[in-house]
Amino acid sequence: MCCCDDLGNLIDRGMAKISPLHLLTNGRILTEIDTDYFLVFGEERPSYVGLNYCPFCGRALSRGLWNLEKKKQGL
């Protein structure tokens, strides 16, 4: 599930990936962001960079930011 078509296009092209952190076993994780959304760099042994926000629509993608936004809406 993607937040916008632009992020979906990156995923279709293999430039981004939605996956739980523990399933990314074939490369290096370069950030410590609690998210399932990653930018992918490289092919043979890719590097993964976690996303806090969607670079296109600005939606919160990391669990920490998503929980903060939910908490703000409840106030």
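In what follows, the structure referred to is the one given above.
Residues numbered from 1 in each chain as written. Predicted model: local features only at pLDDT ≥ 70, side-chain atom pairs only at ≥ 80, totals over all residues. Heavy atoms only, no water.

Colleague: Teacher, can you tell me more about the packing of aromatic side chains here?
Modeller: Pairs of aromatic rings are described using the distance from one ring centre to the other and the angle between the two planes. Taken as a whole and assessed by the stated rule, the structure comprises one aromatic pair. Here the aromatic rings of Phe 38 and Tyr 48 are separated by 6.2 Å at their centres, their planes lie at 75°, and the arrangement is edge-to-face. With a gap of 10 residues between them, Phe 38 in strand S3 (residues 37–41) and Tyr 48 in strand S4 (residues 47–50) connect regions that are remote in the sequence. Both residues of the pair, Phe 38 and Tyr 48, belong to the buried class. (Phe/Tyr/Trp six-rings, centres within 6.5 Å; stacked < 30°, edge-to-face > 60°. Helix = DSSP H or I, 4+ residues; strand = E, 2+ residues; numbered from the N terminus. Buried < 20%, exposed > 50% of the residue type's maximum accessible area, 1.4 Å probe, protein only.)

Colleague: Just checking my understanding: could you explain the pairing of S4 for this structure?
Modeller: Looking down a regular strand, the side chains alternate between one sheet face and the other. The pairing of strand S2 (residues 28–29) with S4 spans two bridges and is classified as parallel. Among the inter-strand pairings, Arg 28 is bridged to a residue of S4, identified as Ser 47. Summarising the sheet, S3 and S4 pair through four bridges and their orientation is antiparallel. Residue pairing in the sheet places Phe 38 in a bridge with Gly 50 of S4. (Pairing = 2+ DSSP bridges.)

Colleague: For this particular structure, what's the right way to read the sheet that holds S2?
Modeller: Backbone-to-backbone hydrogen bonds pair the strands of a sheet. The strands run either parallel or antiparallel. Strand order across the open sheet formed by four strands is S1-S3-S4-S2, with mixed pairing between neighbours. Single-partner strands in this sheet number two, and they are strand S1 (16–18) and S2. Contacts between helix H1 (residues 5–12) and the sheet are confined to S1 and S3, with S1 contributing the most and set at about 100° to the helix. (Contact = heavy atoms within 4.5 Å. Axes fitted to C-alpha atoms, helices over the stretch in contact; angles between N-to-C directions.)

Coordinates in, geometry out; function isn't part of it.
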